[in-house]
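# Close look at the chain arrangement
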Amino acid sequence: MASLYTSHPADSGLTLDLSLEINRKLQAVLEDTLLKNITLKESLQTLGAEIERLIKQQRDPADAVSRK
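In this text the structure is predicted, and so the values were computed from the model without any measurement.

Parameters at a glance
Residues numbered from 1 in each chain as written. Predicted model: local features only at pLDDT ≥ 70, side-chain atom pairs only at ≥ 80, totals over all residues. Heavy atoms only, no water. Helix = DSSP H or I, 4+ residues; strand = E, 2+ residues; numbered from the N terminus. Areas by Shrake-Rupley, 256 points an atom, 1.4 Å probe, with all protein chains shown as cover. Salt bridge = Lys/Arg side-chain N within 4 Å of Asp/Glu carboxyl O. Buried < 20%, exposed > 50% of the residue type's maximum accessible area, 1.4 Å probe, protein only. Patch = residues over 30% accessible without salt bridge, like charges linked within 9 Å, V, L, I, M, F, W, Y side chains within 5 Å.

Counting secondary structure elements, the protein contains two helices and zero strands. Accessible surface, the protein: about 6,200 Å² in total, of which carbon and sulfur atoms supply 61%.

Using the criterion set out here, one finds four salt bridges in the structure. One salt bridge in this structure joins Asp32 and Lys36, with 3.2 Å as the shortest N-O distance. You can see Asp32 and its partner Lys36 sitting in helix H1 (residues 16-59), four residues apart, about one turn around the helix. For Lys36, a relative accessible area of 49% translates into the label partly exposed. The closest approach of N and O atoms between Lys56 and Glu52, which form a salt bridge, is 3.5 Å. With Lys56 and Glu52 both in helix H1, this residue pair falls four residues apart, about one helical turn.

A cluster of nonpolar side chains, contributed by Leu44, Leu47, Ile51 and Ile55, occupies part of the molecular surface with about 370 Å² of accessible area. Tracing the sequence through the fold places Leu44 in helix H1. In this structure Leu44 comes out as exposed when scored by relative accessible area, which is 59%.

Structure representation (structure tokens):
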């Protein structure tokens, strides 16, 4: 594994194919994590907007009734 980070092979068992496979798997994990983080960010923004709406509604219930 150390040979992934150096220019000379530190592990004779690590072939180019194995390195590429590890790289592909790490990239897939990274992409999945990024997608989940984006989804979570959007969910947090939606939740924040809903909380803000509910707080405003609680402060002025007459305004919320007139909108309906």
